[in-house]
Amino acid sequence: SPITTPPVQSPALCRRPSLASRSNSVEHYISVIGFATQISLPSDLPCATLEFTVVPELANRLSVWEPYPGMPGRSKRTVLDRSLIYRLRCVQAVNGKGDINQESIWVLRETTWPTHLFVQLNNEPLLLRRKNIFAADLFLDITNQIKVGVNALKVAMLPEKAKPLPKGSFLLRVEILEARSYLSLVNHVIPRQMIDKDTAKAAIMNRFKGSEDDDVVVVKLNELTLSIVCPFTMGLIKTPVRGKSCLHPECFDLDNYLISRPRKKPREPPNADSWKCPYCNGDARPTELVVDGFFLDMMTQLKGVNVDDTKEVLVKVDGSWELKKEEGKGPENKQEAGDELRKEVEVITIDDDDD
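Remember, it's a predicted structure, so these values are computed and weren't measured experimentally.

Undergrad: Pulling in residues and values, what's your account of the packing of aromatic side chains?
TA: In total, this model carries 7 aromatic pairs according to the counting rule given. Ring geometry for F52 versus Y86: centroids 6.4 Å apart, planes at 15 degrees, classification stacked. With F52 in strand β3 (residues 47-54) and Y86 in strand β6 (residues 84-92), the pair connects residues that are 34 residues apart, well separated along the chain. With respect to burial, F52 and Y86 carry one shared label: buried. Chaining the aromatic ring pairs together yields one cluster made of Y29, F232, F252, Y257 and W275. Above the plane of the ring of F139 lies R129, whose end atom (NZ or CZ) is 5.0 Å from the centre. For the cation-ring pair, R173 lies above F35, with the distance from its terminal atom to the ring centre recorded as 4.0 Å.

Undergrad: Quick rundown of the sheet that holds strand β12 (residues 194-195)? Include the residues and the values.
TA: Within the open sheet, the 4 strands sit side by side as β12-β16-β14-β15. Their pairing is mixed. Two strands in the sheet have a free side with no partner beyond their single neighbour: β12 and β15 (252-253). Of the strand pairs in this sheet, strand β14 (residues 240-243) and β15 are connected by 2 bridges, and their pairing is antiparallel. If you follow P240 over to β15, its bridge partner there is D253. Together, β12, β14 and β16 (289-292) form the strand contacts of helix α7 (residues 293-301), whose direction differs from that of β16 by roughly 50 degrees.

Undergrad: Explain empty space enclosed by the protein to me, using residue names and the numbers behind them.
TA: Scanning all chains against the criterion turns up 1 cavity of 30 Å³ or more. The volume enclosed by the largest cavity comes to roughly 60 Å³. Around the largest cavity sit V32, V107, L108, A272, D273, W275, K276 and R285, which together line it. Across the lining of the largest cavity, the residue classes break down as 5 nonpolar, no polar and 3 charged.

Undergrad: Give me the lowdown on the nonpolar core, citing residues and values where you can.
TA: Counting residues in hydrophobic clusters, the biggest one holds 33 residues, and the most contacted among them are I204, L226, F252, L289, F295 and V315. Elements supplying a minimum of two residues to this core: α4 (182-189), α5 (197-206), β13 (223-227), α6 (254-260), β16, α7 and β17 (312-316). Apart from residues lying up to four places away in sequence, I204 is in contact with L224, L226, P249, F294 and V315.

Thresholds applied
Residues numbered from 1 in each chain as written. Predicted model: local features only at pLDDT ≥ 70, side-chain atom pairs only at ≥ 80, totals over all residues. Heavy atoms only, no water. Phe/Tyr/Trp six-rings, centres within 6.5 Å; stacked < 30°, edge-to-face > 60°. Helix = DSSP H or I, 4+ residues; strand = E, 2+ residues; numbered from the N terminus. Buried < 20%, exposed > 50% of the residue type's maximum accessible area, 1.4 Å probe, protein only. Lys NZ or Arg CZ within 6 Å of the ring centre and 35° of its normal. Pairing = 2+ DSSP bridges. Contact = heavy atoms within 4.5 Å. Axes fitted to C-alpha atoms, helices over the stretch in contact; angles between N-to-C directions. 1 Å grid on protein atoms, 1.4 Å probe; cavity = no way out; pocket = protein on both sides within 12 Å on 5 of 7 lines; lining within 4 Å. Points joined across faces, edges and corners; volume = space filled by probe spheres on them. Nonpolar A, V, L, I, M, F, W, Y, C, P; charged D, E, K, R; others polar. Core = buried A, V, L, I, M, F, W, Y, C linked by side-chain atoms within 4.5 Å.

Put into structure tokens, the structure is as follows:
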């Protein structure tokens, strides 16, 4: 059957949802964990049907929107540990910005809907949230349209007559997002993703080695400087983590990272698309974080040690390390600071014209 287009709605007429945890004392964090189905666009056929199965166990974990009691037009969803959310998104391929088929690249890209794209899920037309109405192309939450068993996603894309798009210009995917509680993350998920001390140390040591490629000139290092303070609070890192796809050795603190994620309301889970590394802007979803065992061993040894204002350590070629002394922290510098404080302060008095 032909795909019909749903009526266009103004954002002001759309439901205003409320998203809250059943327990106010338990934080939950939502992120993409996989995909139910996908298709590259334009495809060989102008219309295609994709099928994916949702078994009863998964259906029972769906976090669906429900009417808000006593508030017509409002809806809410309850988020528990292991709750699932399904979203429809489309991403455009851009030369030089990574392969959008890679999950770590996909999750960082913004939603882009092709101009002539029409979609149905289980014979229900879907209204794509386009930038001409919502100021930006936005993902589509399809959790309430998911059913137990086989789900059919019909996709139709009309060709561009003026400038035909090459195949693979877009990638359409049904995303699966999962909510995890704070305790679940710190006690079960992240501890399983530990890089042991020796492996992490070996990765550091490899940075001191030169390249064997004759066409590449590499300056060999005698020591490597690592920051031991979290970029979010500038306090000492307690649980050093970074993304699996991060290529840098620097880490940030797990708790500070989770706390700092943006959210619309204080009691709501953070934005599900806000998981970016503070150093490289790479994929840093909670389920993609790793704990650096070498870094953790350093921080454990520094417990109880007076590090003063030290913010970095020097890692040497043999794998040993020491605190890096801050430059300009001697008595002369303190004298200069004192002199600066004793400078004359200009006081400006502002008269109130009403007096």
